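Topology and contacts: notes
Residue-level listing of the chains:
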Amino acid sequence: MNAKVRDVMTPGPIGVDYYQSIGTAARTMRDWGVGAVLVVSEQALYGLVTDRDLVVRAVAESRGPDEPVGPLSSRDLVGVDADDDTAVAVALMREHAVRRLPVIEDGQVAGIVSLGDLALHNDPFARTGLG
Amino acid sequence: MTRKVREIMSAAPVCMAASESVSAAAMAMKERGIGTVLVLSGGRFSGLVTDRDITIRVLAEDRDPRTTCLGDICGSELAVLSPDDDVEAATRIVRDRAVRRLAVIADGTPVGVVSIGDLALDQDRRSALPQIPAPAPNR
């Protein structure tokens with residue numbers, strides 16, 4: 001009955017390069033139907049940026065869509081193992097007051113799990129496809 | 001047992017005129033720590049705009065947030081709730097229309113917003129999920 005993080009995560013992490021534009025990050029979120037993308041710098045994980053980050057850290061600050069997305073990232077990410085129970089992810093989110101965790105498998109980022117993924121797994125909307 | 005929309009909604013919604021810019025809405029979202037603004041046209045509710053709408057309909061489309069107005073991007077979903085509606089009614093509309101947020105209107109005045117999160121939360125008040133604070137901006 002205990003679901004694993006891998007069962008509810010959004011697999012195949014979607015990333016953008018630190019120097020790609022804010023507009024490119026927005027289009028990546030749109031085209032993949034996701035609310036967050038990983039930010040990669042020199043082939044290493046640098047941080048994570050959400051659709052809301054683009055709004056409150058770029059649009060609200062008069063940054064243009066051609067500026068690099070990297071500086072908008074949240075850093076110091078907290079990861080969770082793909083084989084952990086979803087309860088572990090919930091506990092980590094609560095402890096660190098974050099809503100998304102990179103999911104680690106064999107030392108690589110295998111996906112992202114969000115508070116929405118976890119709620120969806122438990123709630124009556126699970127079958128509506130809303131996320 | 002039957003709960004009303006007024007018990008679960010986020011009250012005192014931020015309302016902005018359709019003629020205001022997307023930039024102004026983004027600043028309001030940042031300062032107020034919210035993700036949704038209700039859009040008024042001629043003083044009447046005409047739709048809502050979320051932080052994600054700004055990402056998808058403005059940034060991804062290379063539109064200028066300073067010159068794009070809220071009326072240009074606000075959703076056409078006009079289903080609204082009354083504060084006296086049952087929570088079940090809200091759940092049904094959210095499900096049937098595949099929307100994530102609904103405006104709550106009383107006597108023509110916007111009085112709140114109900115999100116899918118509010119509904120899920122009401123459904124499972126024992127869940128640990130509601131206890132996770134929503135940082136702004138969310139990570």
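Scanning chain A from terminus to terminus reveals 5 helices and 7 strands. When the elements of chain A are put in sequence order from the N terminus, they spell out α-β-β-α-β-β-α-β-α-β-β-α. With the C-alpha coordinates of chain A rotated into their principal frame, the extents come out at 45 × 35 × 25 Å. Looking at chain A as a whole, 47% of its 131 residues are labelled buried. Within chain A, counting contacts between residues at least 6 apart in sequence, those at least 24 apart form 56% of the total.

Right, let's talk about the confidence of the model for chain B for a bit. Averaged over all residues, the pLDDT of chain B is 85; the fraction at 70 or higher stands at 84%. Model confidence for the complex is summarised by a pTM of 0.83, with the ipTM given as 0.83.

Right, let's talk about the pairing of strand β3 (residues 36–41) of chain A for a bit. All names here are of chain A. Note: strand β2 (residues 15–17) against β3, 3 bridges, orientation parallel. Looking at β3, one finds that D17 is bridged to V40. Summarising the sheet, β3 and strand β4 (residues 44–50) pair through 6 bridges and their orientation is antiparallel. Residue pairing for β4: A36 is matched across the bridge by T50. Turn length for the β3-β4 hairpin, with the two strands adjacent in sequence and antiparallel, is 2 residues, and the turn residue E42 shows positive phi of about 50 degrees.

Further remarks concern the pairing of strand β4 (residues 44–50) of chain B. Pairing of strand β3 (residues 36–41) of chain B with β4(B), which is carried by 6 bridges, proceeds in the antiparallel orientation. Looking at β4(B), one finds that L40(B) is bridged to F45(B).

Glancing now at the sheet that holds strand β5 (residues 80–81) of chain A. All names here are of chain A. Taken together, 4 strands build an open sheet; the order of strands is β1-β7-β6-β5 and the sheet is mixed. Unpaired on one side and paired on the other, β1 (10–11) and β5 mark the two borders of the sheet. Sheet topology places β1 next to strand β7 (residues 108–114); 2 bridges connect them, and they run antiparallel. Counterpart to T10 in the pairing with β7 is I112.

Where a protein is soluble and globular, its nonpolar side chains tend to be buried together. By size, the foremost hydrophobic cluster in this structure holds 67 residues, and its most contacted members are A25(A), V49(A), L54(A), V113(A), A26(B), V49(B) and V114(B). The contacts of A25(A), once residues within four sequence positions are left out, are V16(A), Q20(A), V37(A), V49(A), L54(A) and V69(A).

Let us now look at the sheet that holds strand β5 (residues 80–81) of chain B. All names here are of chain B. Pairing within the open sheet is mixed, and its 4 strands lie in the order β1-β7-β6-β5. For this open sheet the edge positions go to β1 (10–11) and β5, each flanked by a neighbour on one side alone. Strand direction decides the pairing type here: β5 and strand β6 (residues 101–106), joined by 2 bridges, are parallel. Bridge pairing in β6 links L81 to V104.

What follows covers the confidence of the model for chain A. When pLDDT is averaged along chain A, the result is 89; 91% of the residues meet or exceed 70. Confidence scores differ between elements of chain A, with helix α5 (residues 115–122) of chain A showing the lowest mean pLDDT of 76 and helix α2 (residues 22–32) of chain A the highest of 97.

Below, the discussion takes up unusual backbone geometry. Within the chain, D106(A) stands out as a residue other than glycine whose phi angle is a positive 50 degrees. If you trace the backbone, D106(A) turns up in the loop between β6 (100–105) and β7. In this structure D106(A) comes out as exposed when scored by C-beta crowding, with 6 C-beta atoms within 10 Å. A positive phi angle is found at D107(B), which is not glycine, with a value near 50 degrees. Along the chain, D107(B) falls in the loop between β6 and β7 (109–115).

Rules of the game
- Residues numbered from 1 in each chain as written.
- Chains lettered and ligands numbered in written order.
- Predicted model: local features only at pLDDT ≥ 70, side-chain atom pairs only at ≥ 80, totals over all residues.
- Helix = DSSP H or I, 4+ residues; strand = E, 2+ residues; numbered from the N terminus.
- Buried ≥ 20, exposed ≤ 12 C-beta atoms within 10 Å, placed from the backbone.
- Contact = placed C-beta atoms within 7 Å.
- pLDDT = per-residue confidence, 0-100.
- Pairing = 2+ DSSP bridges.
- Core = buried A, V, L, I, M, F, W, Y, C linked by C-beta atoms within 7 Å.

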